[in-house]
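# An overview of the molecular structure
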Amino acid sequence: MVRMSAEERRESVIRAAMSEFARGGYYGTSTEAIAKRVGVSQPYLFRLFPSKKAIFLAASARCLEDTRKVFERASEGLAGEEALQAMATAYSQLIADDPDKLQMQLQTYVAVAAAEAAGDHEFGEMVRAGWLEIWEAAHLPLGADVRETTTFMAFGMLINVLAAMGYPAEHRVWEGLYLPDRPAGESGPTRE
């Protein structure tokens, strides 16, 4: 059996943490659950990360990074409406294929609000920086138009909320959101 390097273990912890935190949030997830999912002991987990907060920060950063990369890949070589449609479709596919990504984003925002209220600004600074990178990844392909970018991101947040609440694709709440046509059975809005 091939042993994993510390970096490979660290990656597996981040993936496991994303799944666990996505479901239970920061306060409702134990490091024991993360260690168990990875197949390591808690002491080993804390050799890779100094604290539960550090694990959550790494999982949140990865979630934001993955979203940014989806926008960058989808919009590569495109601009304007083509870029908008490509990014919207790619993001919708991301959260449909991996619901933990959406749940982790939402848990991250809740954790930032709680940390800020408690006077801990480190976490919020990291998340805001990561979110700004996502905004920038959308901004340039959308012609560096602040209104277009703001509208795109606002629709994205609405999609997050509707998807998180489990509204089926055919529900009327999706009617104002227009994305490219999709095969039957895929979740989210479609262009009429």
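Only a predicted model underlies this, so the values are computations on that prediction, with no experimental measurement involved.

### A closer look at a nonpolar patch on the surface
A surface patch of nonpolar side chains, amounting to about 270 Å² of accessible area, comprises Val161, Met165 and Tyr167. One can find Tyr167 in the segment after helix H8 (146-164). Under the relative-accessibility criterion, Tyr167 is labelled partly exposed at 31%.

### Concerning the environment of Val70
Structurally, Val70 is set in helix H4 (residues 52-75). On a C-alpha basis, the gap between Val70 and Thr149 in space is 16 Å, while along the polypeptide they are 79 residues apart. Excluding its chain neighbours within four sequence positions, the residues that come into contact with Val70 are Ala90, Tyr91 and Leu94.

### Overview of the side chain of Gln105
Mapped onto the elements of the fold, Gln105 is located in helix H6 (residues 99-117). Gln105 sits in the buried class, given a relative accessible area of 6%. Among all residues touching Gln105, those that are not within four sequence positions of it are Cys63, Thr67, Tyr91 and Asn160.

### Regarding the layout of surface pockets
Where empty space is left in the structure can be found by rolling a water-sized probe over the atoms. What the largest pocket holds in volume is close to 390 Å³. Along the walls of the largest pocket sit 26 residues, with Phe152, Met153, Phe155, Gly156 and Ile159 positioned nearest its centre. Taken together, the residues of the lining of the largest pocket break down into 16 nonpolar, 8 polar and 2 charged.

### Here we look at the confidence of the model for the protein
Averaged over the protein, the pLDDT score is 90; the fraction of residues at 70 or greater is 91%. In the model, residues 180-192 has pLDDT below 50 throughout and makes 28 contacts with residues more than four positions away in sequence or in other chains.

### Quick look at the nonpolar core
Ranked by internal contacts, the top residues of the largest apolar core, which has 51 residues, are Phe21, Ile34, Phe71 and Phe152. For this core, the elements supplying multiple residues, two or more each, are helix H1 (6-28), helix H2 (31-38), helix H3 (42-48), H4, helix H5 (80-97), H6, helix H7 (122-139) and H8. Per element, the largest residue contribution to this core is 11 residues, and it comes from H4. For Phe21, the residues in contact, after removing those within four places along its chain, are Tyr26, Thr29, Ile34, Lys52, Ile55, Phe56, Ala59, Met104 and Gln107.

### Description of the environment of Phe56
For Phe56, the location among the structural elements is in helix H4. Distance from Phe56 to Tyr44, taken between C-alpha atoms, is 16 Å for residues 12 residues apart in sequence.

### Side note on the pattern of salt bridges
Working definition: two side chains of opposite charge can pair if their charged atoms are close together. Considering all chains together, one arrives at 12 salt bridges under this definition. For Arg128, the salt bridge is made with Glu116, and the minimal N-O distance between the two is 3.3 Å. Of the two residues, Arg128 sits in helix H7 while Glu116 sits in helix H6, which places them 12 residues apart along the sequence. The exposure class of Arg128 is partly exposed, given its relative accessible area of 43%. Bridged by salt links that share partners, the residues Glu11, Arg62, Glu65 and Lys69 form one connected network.

Thresholds, definitions, all that
- Residues numbered from 1 in each chain as written.
- Predicted model: local features only at pLDDT ≥ 70, side-chain atom pairs only at ≥ 80, totals over all residues.
- Heavy atoms only, no water.
- Patch = residues over 30% accessible without salt bridge, like charges linked within 9 Å, V, L, I, M, F, W, Y side chains within 5 Å.
- Areas by Shrake-Rupley, 256 points an atom, 1.4 Å probe, with all protein chains shown as cover.
- Salt bridge = Lys/Arg side-chain N within 4 Å of Asp/Glu carboxyl O.
- Helix = DSSP H or I, 4+ residues; strand = E, 2+ residues; numbered from the N terminus.
- Buried < 20%, exposed > 50% of the residue type's maximum accessible area, 1.4 Å probe, protein only.
- Contact = heavy atoms within 4.5 Å.
- 1 Å grid on protein atoms, 1.4 Å probe; cavity = no way out; pocket = protein on both sides within 12 Å on 5 of 7 lines; lining within 4 Å.
- Points joined across faces, edges and corners; volume = space filled by probe spheres on them.
- Nonpolar A, V, L, I, M, F, W, Y, C, P; charged D, E, K, R; others polar.
- pLDDT = per-residue confidence, 0-100.
- Core = buried A, V, L, I, M, F, W, Y, C linked by side-chain atoms within 4.5 Å.

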